[in-house]
Amino acid sequence: MKTMSVNKVITQSVDLTKAVVQPLAGNLLHNKQVAIDVLRLDRIHPVISGNKWFKLKYHLQEALQQNKTGILTFGGAWSNHLVATALACQQAGLASIGIIRGEQPLVLSATLQEVQEYNMQLQFVPRNEYSDEATIIPALQEKYPDYYIVPQGGQSHLGVLGAAEIGQLTQIKSYSHVSCAIGTGTMLAGLVHAALPHQQVIGICSLKMPATENNSLNSFVKPYAANGKQYTIFYDYHFGGYARKTGELISFMNTIYQQHEMPTDFVYTGKLLFGIMHLVQNSYFEPGSRILIVHSGGLQGNRSLPGGTLTFL
Ligand SMILES: *Cc1c(COP(=O)(O)O)cnc(C)c1O
């Protein structure tokens, strides 16, 4: 396929003009003399939402340029990455295969039912095999030579380069801090890669993991922090671990919606907002700080909650 049509495919998928910057107002921010703007990436597309588009973009381009039949990628039952990949592939005229963590359940999750509507072909893999990437990826590559493999969560250099473009949607220079949620750390690495010398990048980790200098996250992100770029990861806002939640988190999310008409998801952006607000409360940010929060989308995952849990579903 020619480069021009690749670009066309890539630009017709989402509407980046919808990624508005929403300022948050409130007594706490006023008292602490801190400004917060939220970059609403959740609005660029109802399905190909948030950071997933940015992480996918250059992978999609590669798959098209290499004339691949489709894309093969990985995810769990409620994966934002899978649903975004499935629809983006369908729109680009590519087939897609989703390798799903765990045994096939009797009833598929709403997310997996949806990816099937976009013609993604599903394969369930036991958890122990799934996490053994060193074995499973070469095996799949051999089995599906015509498919371009995107690592879980788009975690790769191409994923980072796509995520590095997120800041271009704003007056990025004007911020002292740029913050995001963390799953694989690909988005964080991209924001760090693109950070300016006066900026601090802050990641709120949604997984429970040891806060060590040489953990898997830092190993991935650090190479992008060359030239003195500054980033800090906070590990205390996981609410029990990945995709776990507490009543406190849920009522915080309901309050945020009530105050700012801003929906969040309980896996990533709810924890991100909570963490940043908590840091503001504890005077982590100097007066005069201007913080950009990247709302990375992922609202479809809230479908896994019992009805009525959130007031805005
Ligand atoms: C996938 C996802 C993340 C995590 O992004 P990484 O690049 O894997 O760290 C954060 N927020 C939302 C809403 C997501 O869907």
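Residues numbered from 1 in each chain as written. Predicted model: local features only at pLDDT ≥ 70, side-chain atom pairs only at ≥ 80, totals over all residues. Heavy atoms only, no water.

- Looking up the chain in an unreviewed UniProt entry gives the name Tryptophan synthase beta chain-like PALP domain-containing protein, with the organism given as Niastella vici.
- In UniProt, the chain has this text filed under Cofactor (unreviewed entry): "pyridoxal 5'-phosphate". (UniProt positions renumbered as here; feature names shortened; annotations may be inferred.)

### A look at the layout of surface pockets
It is a probe the size of a water molecule, rolled over the atoms, that shows where empty space is left.
Okay, so step 1: What the largest pocket holds in volume is close to 1,100 Å³.
Okay, so step 2: Lining the largest pocket are 47 residues, and of these Gly 76, Arg 101, Gln 152, Tyr 242 and Tyr 268 lie nearest its centre.
Okay, so step 3: At the level of elements, helix 3 (51-65), strand 3 (70-75), helix 4 (80-92), strand 4 (95-101), strand 7 (177-182), helix 9 (186-194) and helix 10 (216-221) are the ones that each hand at least two residues to the lining of the largest pocket.
Okay, so step 4: Residue composition of the lining of the largest pocket, by class: 20 nonpolar, 20 polar and seven charged.
Okay, so step 5: The residues that make up the lining of the largest pocket include at least three from each of domain 1 (2-48 + 157-304) and domain 2 (51-154).
Okay, so step 6: Taken as a whole, the second largest pocket holds about 260 Å³ of empty space. (1 Å grid on protein atoms, 1.4 Å probe; cavity = no way out; pocket = protein on both sides within 12 Å on 5 of 7 lines; lining within 4 Å. Points joined across faces, edges and corners; volume = space filled by probe spheres on them. Helix = DSSP H or I, 4+ residues; strand = E, 2+ residues; numbered from the N terminus. Nonpolar A, V, L, I, M, F, W, Y, C, P; charged D, E, K, R; others polar. Domains from an automatic or database assignment.)

### Section: the environment of Gln 91
Okay, so step 1: Checked against the element boundaries, Gln 91 lands in helix 4.
Okay, so step 2: Residues within four places of Gln 91 in sequence aside, it is in contact with Gln 12, Ser 13, His 45 and Ile 48.
Okay, so step 3: Among the polar contacts listed, one links the side chain of Gln 91 to the side chain of Ser 13, at a separation of 3.3 Å. (Contact = heavy atoms within 4.5 Å. Polar contact = N/O pair within 3.5 Å; in protein donor to acceptor, adjacent residues only side chain to side chain.)

### As for empty space enclosed by the protein
Okay, so step 1: Considering all chains together, one arrives at one cavity of 30 Å³ or more under this definition.
Okay, so step 2: Considering only enclosed or pocket space, the largest cavity measures out at about 40 Å³ in volume.
Okay, so step 3: Around the largest cavity sit Val 47, Ser 49, Asn 51, Lys 52, Asn 80, Ala 84, Ser 296, Gly 298 and Gln 300, which together line it.
Okay, so step 4: Among the elements of the structure, helix 3 and helix 4 are those that each provide at least two residues to the lining of the largest cavity.
Okay, so step 5: The residue makeup of the lining of the largest cavity, split by class, is two nonpolar, six polar and one charged.
Okay, so step 6: When residues of the lining of the largest cavity are assigned to domains, at least three fall in each of domain 1 (2-48 + 157-304) and domain 2 (51-154).

### Details of the site of the ligand
Okay, so step 1: Around the ligand, the structure places 15 residues, and the nearest of them are Lys 52, Asn 80, Gly 183, Thr 184 and Ser 296.
Okay, so step 2: Within the side chain of Lys 55, an N or O atom sits 2.8 Å from an oxygen atom of the ligand.
Okay, so step 3: Considering the ligand on its own, with 380 Å² of exposed area, one finds that the protein chains cover 97% of that surface.
Okay, so step 4: When atom positions are compared with the pocket grids, the ligand is found to occupy the largest pocket.
Okay, so step 5: Mapped by element, the contributors of at least two residues to the shell around the ligand are helix 3, strand 7 and helix 9.
Okay, so step 6: Among the elements that line the shell around the ligand, the one with the most residues is helix 3, at three residues. (Near = heavy atom within 4 Å. Areas by Shrake-Rupley, 256 points an atom, 1.4 Å probe, with all protein chains shown as cover. Sits in = over half its atoms within 2 Å of the grid points.)

### Side note on the UniProt feature "modified residue: N6-(pyridoxal phosphate)lysine" (unreviewed entry) in the chain
Okay, so step 1: In the UniProt entry, the feature "modified residue: N6-(pyridoxal phosphate)lysine" (unreviewed entry) is given for Lys 52.
Okay, so step 2: If you trace the backbone, Lys 52 turns up in helix 3.
Okay, so step 3: For Lys 52, the residues in contact, after removing those within four places along its chain, are Asn 80, His 81 and Ala 84.
Okay, so step 4: Reaching out from Lys 52, the side chain makes a polar contact with the side chain of Asn 51 at a distance of 3.0 Å.

### Re the pairing of strand 4
Two faces, one strand: in a regular strand the side chains alternate between the faces of the sheet.
Okay, so step 1: Most of strand 4 sits inside the fold, with five of its seven residues counted as buried.
Okay, so step 2: The pairing of strand 3 with strand 4 spans six bridges and is parallel. Bridge pairing in strand 4 links Thr 73 to Gly 98.
Okay, so step 3: One crossover worth recording links strand 3 to the parallel strand 4 by way of helix 4, and it is right-handed.
Okay, so step 4: Bridging between strand 4 and strand 5 (residues 120-125) involves six bridges; their strand directions are parallel. For Gly 98, the partnering residue across the bridge sits in strand 5 and is Leu 122.
Okay, so step 5: In the classification by handedness, the crossover that spans strand 4, the intervening helix 5 (residues 110-117) and the parallel strand 5 is right-handed. (Buried < 20%, exposed > 50% of the residue type's maximum accessible area, 1.4 Å probe, protein only. Pairing = 2+ DSSP bridges. Right-handed = clockwise from strand over helix to strand, strands pointing away.)

### Here we look at the packing of aromatic side chains
Okay, so step 1: Under the defined criterion, the tally for this structure stands at 10 aromatic pairs.
Okay, so step 2: Measuring from centroid to centroid gives 5.7 Å for Tyr 144 and Tyr 147, while their planes differ by 70°, and the two rings are edge-to-face. For the pair formed by Tyr 144 and Tyr 147, the shared burial category is buried.
Okay, so step 3: Clustering of aromatic rings is evident, with ring pairs tying together Tyr 237, Phe 239, Phe 252 and Phe 274. (Phe/Tyr/Trp six-rings, centres within 6.5 Å; stacked < 30°, edge-to-face > 60°.)

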